[in-house]
Amino acid sequence: MPGRVHPRQLAFSLPHAESLSRDNFLEGPANTAGLALIDAWPEWPNRIMWLAGPEGSGKSHLAAIWAEASGARSTTANGLTAEAVPGALATGALVVEDPNAREFDERALFHLMNLAREDGAYVLFTGREVPASLDIELADLRSRLRAVPVISLLPPDDQLFRGLIVKFCADRQLAVDESVVSYLATRLERSPAAARQAVDLLDSEALRLGRPVTRALAAELLRDV
């Protein structure tokens, strides 16, 4: 029919659930120490611990596992105020994510550490940086943070990286074969964040184009990666 316009298929971003249970945590040499810390609770070397690692390395997943086991509440460092500290520690355990000296209230964090010590509460910090690298102005807080034991998560090895790709696909209910996983594993930067971003792109574009997720589609979308 002359002048007929063919509608373009639209992609709708539907919510998807990333599994953060203990059973769905992928263990490898890069995160063995972190998982051992979580599994060892409450027999920690210190009631306040710090879990450090790059974006997507599993910090939030490990924190979620610990929160489930300990009854911990969760907060971001920049969302913590001095007034909120007692309530945040009400269960005797707290996850504090993403400490950043340019954003959080140093006095609130100092109050948190003091109250946790007084009450015998557990605190798990998670962040990309270790405490010693943070630019802290409050001397007492700087001293306290640098005394906190640090467990570091490392970049994934090949087996773990491939497993993460499969997990991210499963979280989005994407059916992929080995050729797709192998292509992504050899083309992407070796980081969980890069794998998650690539899977998100494949999912959204496959939906928009009405095509299955194949190696050919991955090659088209990631040729410049």
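Quick caveat: nothing in here was measured; it's all calculated off a predicted structure. (Residues numbered from 1 in each chain as written. Predicted model: local features only at pLDDT ≥ 70, side-chain atom pairs only at ≥ 80, totals over all residues. Heavy atoms only, no water.)

Enquirer: I'd like a rundown of helix H8 (residues 192–209), residues and numbers included.
Expert: Across its 18 residues, H8 extends 26 Å between first and last C-alpha, which sits within 8% of the 26 Å expected from 1.5 Å per residue. Within H8 the residues assigned to the buried category are Pro192, Ala193, Ala194, Ala195, Ala198, Val199, Leu202, Asp203, Glu205 and Ala206. Positive backbone phi, approximately 70°, marks Gly210, located one or two places after H8. (Helix = DSSP H or I, 4+ residues; strand = E, 2+ residues; numbered from the N terminus. Expected span 1.5 Å × (residues − 1). Buried < 20%, exposed > 50% of the residue type's maximum accessible area, 1.4 Å probe, protein only.)

Enquirer: Which residues make up the pattern of salt bridges, and what values go with them?
Expert: A complete count under the given rule lists nine salt bridges for this structure. Arg22 is the salt-bridge partner of Asp39, the closest N and O atoms lying 2.9 Å from each other. With Asp39 in helix H1 (residues 32–40) and Arg22 in the segment before H1, this residue pair connects regions lying 17 residues apart in the sequence. Residue classification places Asp39 among the partly exposed positions, given a relative accessible area of 42%. Here Arg22 falls in the partly exposed class, since its relative accessible area comes to 34%. Among the ionic pairs, Arg172 bridges to Asp203, the shortest N-O distance being 2.5 Å. (Salt bridge = Lys/Arg side-chain N within 4 Å of Asp/Glu carboxyl O.)

Enquirer: Please give an account of the side chain of Lys59 that cites residues and values.
Expert: Summarising the element assignment, Lys59 is placed in helix H2 (residues 59–70). Asp98 provides the closest opposite charge to the buried, salt-bridge-free Lys59, at an N-O distance of 6.0 Å. Side-chain polar atoms of Lys59 contact the backbone oxygen of Gly53, separated by 2.9 Å. (Lys, Arg positive; Asp, Glu negative; His and termini not counted. Polar contact = N/O pair within 3.5 Å; in protein donor to acceptor, adjacent residues only side chain to side chain.)

Enquirer: Could you give an account of the sheet that holds strand E5 (residues 150–152), with specific residues and numbers?
Expert: If you trace the five strands from one edge of the open sheet to the other, you get E2-E3-E4-E1-E5, paired in parallel fashion. Here the strands that pair on one side only, and so sit at the sheet edges, are strand E2 (73–76) and E5. Neighbour-to-neighbour, the strand axes of the sheet open up by a mean angle of 20°, direction not taken into account. In this structure, strand E3 (residues 93–97) lies alongside strand E4 (residues 122–127), joined through five bridges in parallel fashion. Within E4, the position partnered with Ala93 by the bridge is Tyr122. (Pairing = 2+ DSSP bridges. Axes fitted to C-alpha atoms, helices over the stretch in contact; angles between N-to-C directions.)

Enquirer: Which residues make up the layout of surface pockets, and what are the values?
Expert: Where empty space is left in the structure can be found by rolling a water-sized probe over the atoms. Its boundaries defined by the atoms lining it, the second largest pocket holds a volume of some 250 Å³. Around the second largest pocket sit 21 residues that line it, and Gly56, Ser57, Gly58, His61 and Leu164 are the ones nearest its centre. For the lining of the second largest pocket, the elements supplying multiple residues, two or more each, are H2, helix H6 (158–171) and H8. For the lining of the second largest pocket, the element with the highest residue contribution is H6, accounting for four residues. For the lining of the second largest pocket, a count of residues per class yields ten nonpolar, seven polar and four charged. (1 Å grid on protein atoms, 1.4 Å probe; cavity = no way out; pocket = protein on both sides within 12 Å on 5 of 7 lines; lining within 4 Å. Points joined across faces, edges and corners; volume = space filled by probe spheres on them. Nonpolar A, V, L, I, M, F, W, Y, C, P; charged D, E, K, R; others polar.)

Enquirer: Mind laying out the nonpolar core, listing which residues take part and the relevant values?
Expert: Judged by nonpolar contacts, the single largest core of 26 residues is most densely connected at Leu89, Val96, Leu109, Leu112, Phe125, Leu141 and Leu145. Among the secondary structure elements, those contributing two or more residues to this core are strand E1 (48–52), helix H3 (85–88), E3, helix H4 (106–119), E4 and helix H5 (139–146). The greatest single-element share of this core, amounting to six residues, is contributed by H4. The residues touching Leu109, leaving out its near neighbours within four places in the chain, are Leu80, Val96, Phe104, Phe125, Leu141 and Leu145. (Core = buried A, V, L, I, M, F, W, Y, C linked by side-chain atoms within 4.5 Å. Contact = heavy atoms within 4.5 Å.)

Enquirer: Before we move on, can you summarise the packing of helix H7 (residues 178–187) against helix H9 (residues 215–222) with the specific residues and values?
Expert: For the pair H7 and H9, interaxial distance at closest approach is 8 Å and the crossing angle is 25°. Between H7 and H9, the interaxial angle falls into the category roughly parallel. Across the interface between the two elements, Ser179, Val180, Tyr183, Leu184 and Arg187 from H7 touch Arg215, Ala218, Ala219 and Leu222 from H9. For the contact of H7 with H9, the class distribution of residues is six nonpolar, one polar and two charged. (Parallel < 35°, antiparallel > 145°, perpendicular 65-115°, else oblique.)

Enquirer: Let's hear about the confidence of the model for the chain: which residues, and what values?
Expert: Mean pLDDT for the chain: 88, with 90% of residues reaching 70 or above. Taken together, the stretch residues 1–15 has pLDDT below 50 and engages in nine contacts with residues farther than four places along the chain or on a different chain. (pLDDT = per-residue confidence, 0-100.)

Enquirer: Got a sec to walk through the packing of aromatic side chains? Specific residues and values, please.
Expert: One pair of aromatic rings is described through two measures. These are the centre distance and the angle between the planes. If you walk through the whole model with that rule in mind, you get five aromatic pairs. Ring centres of Trp44 and Trp66 lie 5.1 Å apart, and the angle between their planes is 25°; on these two criteria the pair is classed as stacked. Placement of the pair is Trp44 in the loop between H1 and E1 and Trp66 in helix H2, with a sequence separation of 22 residues. The exposure classification of Trp44 matches that of Trp66, with both residues buried. (Phe/Tyr/Trp six-rings, centres within 6.5 Å; stacked < 30°, edge-to-face > 60°.)

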